[in-house]
Amino acid sequence: MIVLGIDTSSYVNTVGLADGDRILADRTFPAKTDSLEQIVDNIDTTLKNAGMRLKDVQGIGVGLGPGSWTGIRVGVTVGKMLAFSTGKLIAGVPTLEALAYSARHQSQLICAVISAGIKDAVYAAFYRARSGVIIRDGDYYAGTVTGITGMLKEPVVLVGNGVELYRQTIADEAGSLKIKIKALEALPGGAAVASLAAQRLKRGERDDALSLTPLYLKESTAKAFINRYSGGVK
């Protein structure tokens, strides 16, 4: 299944194409104030570079966040418009899951981390990779970087943008726990969103193009989204 993936949760936007786990295209570009028009233009460019047209795409994947509140809304809106106007299937993908997907070949526990835009505040979630499939392990987390330390019981790979700084902060806080912590720099990829959306669609987990909403996390509401977007197989 060929799926077009879009994620606009970060300071860069990304558009990608994937056929299952096979990446066909992955394009990253700076987020700007005119990003809606920019996203549409980059979707067109991505399709042309892959030798495809929108009619060749069978599904749409959109990154739901968390991340930039305004940025996420733009990407989700574009994805919904495309799905509604073309009648194509659409599936939302938590951006933390898309980050974790870049570490799917790691054997350790994966912790995807995204800055919440305030000093030391982050969004995070733990994942495990099983045969290339990313499965969330526990709740979404919204809080301080140091708050992650108390959840560590085993070696972990931190994945995200600027995670080397997070790794050092967590390692200093962990102190005598002596837990091995690795850092893998990554940004959400459009192709990762496309691949994960394809997995959801293959399982029959399509979303409604009209009611699909971004995944906005606050410390008090993070748990409310656990059952809505399962992030992998149950």
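Cut-offs used in this document
Residues numbered from 1 in each chain as written. Predicted model: local features only at pLDDT ≥ 70, side-chain atom pairs only at ≥ 80, totals over all residues. Heavy atoms only, no water. Helix = DSSP H or I, 4+ residues; strand = E, 2+ residues; numbered from the N terminus. Buried < 20%, exposed > 50% of the residue type's maximum accessible area, 1.4 Å probe, protein only. Contact = heavy atoms within 4.5 Å. Areas by Shrake-Rupley, 256 points an atom, 1.4 Å probe, with all protein chains shown as cover. Lys, Arg positive; Asp, Glu negative; His and termini not counted. Charge placed at Lys NZ, Arg CZ, Asp CG, Glu CD. Phe/Tyr/Trp six-rings, centres within 6.5 Å; stacked < 30°, edge-to-face > 60°. Lys NZ or Arg CZ within 6 Å of the ring centre and 35° of its normal. 1 Å grid on protein atoms, 1.4 Å probe; cavity = no way out; pocket = protein on both sides within 12 Å on 5 of 7 lines; lining within 4 Å. Points joined across faces, edges and corners; volume = space filled by probe spheres on them. pLDDT = per-residue confidence, 0-100. Polar contact = N/O pair within 3.5 Å; in protein donor to acceptor, adjacent residues only side chain to side chain. Axes fitted to C-alpha atoms, helices over the stretch in contact; angles between N-to-C directions. Parallel < 35°, antiparallel > 145°, perpendicular 65-115°, else oblique. Left-handed = near helix turned anticlockwise from the far one by under 90°.

A. Structural context of the overall build of the protein chain. What the protein chain contains, in helices and strands, is 5 helices and 11 strands. Expressed along its principal axes, the backbone C-alpha trace of the protein chain runs to roughly 55 × 40 × 30 Å. Counting every position in the protein chain, which comprises 234 residues, the buried fraction comes to 52%. Within the protein chain, contacts between residues at least 6 apart in sequence are counted, and of these 65% link residues at least 24 apart. Surface exposure of the protein chain reaches about 10900 Å², of which carbon and sulfur atoms provide 52%. Counting 27 positive and 22 negative side-chain charges, the protein chain places the centres of these two groups 4 Å from one another.

B. Quick look at the packing of aromatic side chains. Under the criterion given, the structure shown has 1 aromatic pair. Ring centres of W69 and Y216 lie 4.5 Å apart, and the angle between their planes is 10°; on these two criteria the pair is classed as stacked. With W69 in helix α2 (residues 69–86) and Y216 in the segment after α5 (190–202), this residue pair connects regions lying 147 residues apart in the sequence. Note that R104 overlies the ring of Y101, its terminal NZ or CZ placed 4.0 Å from the centroid. Here R136 stacks its cationic end above the ring of Y140, 4.4 Å away from the centre of that ring.

C. Highlighting unusual backbone geometry. Across the junction of G65 and P66, the peptide omega takes the value 10°, indicating a cis bond. You can see P66 is positioned in the loop between β4 (59–63) and α2.

D. Quick peek at the layout of surface pockets. Reported here for the largest pocket is a volume of approximately 240 Å³. Forming the walls of the largest pocket are 19 residues, and the residues nearest its centre are S10, Y11, I114, S115 and N161. Those elements that provide at least two residues to the lining of the largest pocket are α3 (95–101) and β6 (109–115). Sorting elements by how many residues they give to the lining of the largest pocket places β6 first, with 3 residues. Space inside the second largest pocket adds up to approximately 170 Å³. In terms of lining, the second largest pocket is formed by 11 residues, of which the most central are G20, S195, A198, Q199 and K202. Looking at the lining of the second largest pocket, the element that brings in the most residues is α5, giving 5 residues.

E. Focus on the confidence of the model for the protein chain. Summary statistics for the protein chain give a mean pLDDT of 89 and a share of 93% for residues scoring 70 or more. The low-confidence segment residues 220–234 (pLDDT under 50) makes 34 contacts with residues lying over four places distant or belonging to another chain.

F. Local environment of the environment of E154. Mapped onto the secondary structure, E154 falls in the loop between β9 (141–144) and β10 (156–160). We classify E154 as partly exposed; its relative accessible area is 28%. Sequence spacing of E154 and L177 is 23 residues, and the spatial spacing of their C-alpha atoms is 9.5 Å. E154 has contacts with L109, R128 and I179, leaving out every residue within four places of it along the chain. Within the structure, the side chain of E154 is placed 2.7 Å from the side chain of R128, a separation counted as a polar contact.

G. Broad picture of the packing of helix α1 (residues 35–49) against α2. At a minimum axis separation of 10 Å, α1 and α2 run at an interaxial angle of 50°. Here α2 runs oblique to α1, going by the angle between their axes. Where α1 crosses over α2, the handedness of that crossing is right-handed. Side by side, α1 and α2 meet where S35, L36, I39 and I43 of the first sit next to V74, G75, V78 and L82 of the second.

H. Molecular detail of the side chain of Q108. Inspection of the secondary structure assignment puts Q108 in the loop between α3 and β6. In this structure, Q108 is in contact with P155, V156, V157 and K182, ignoring residues within four places of it in sequence.

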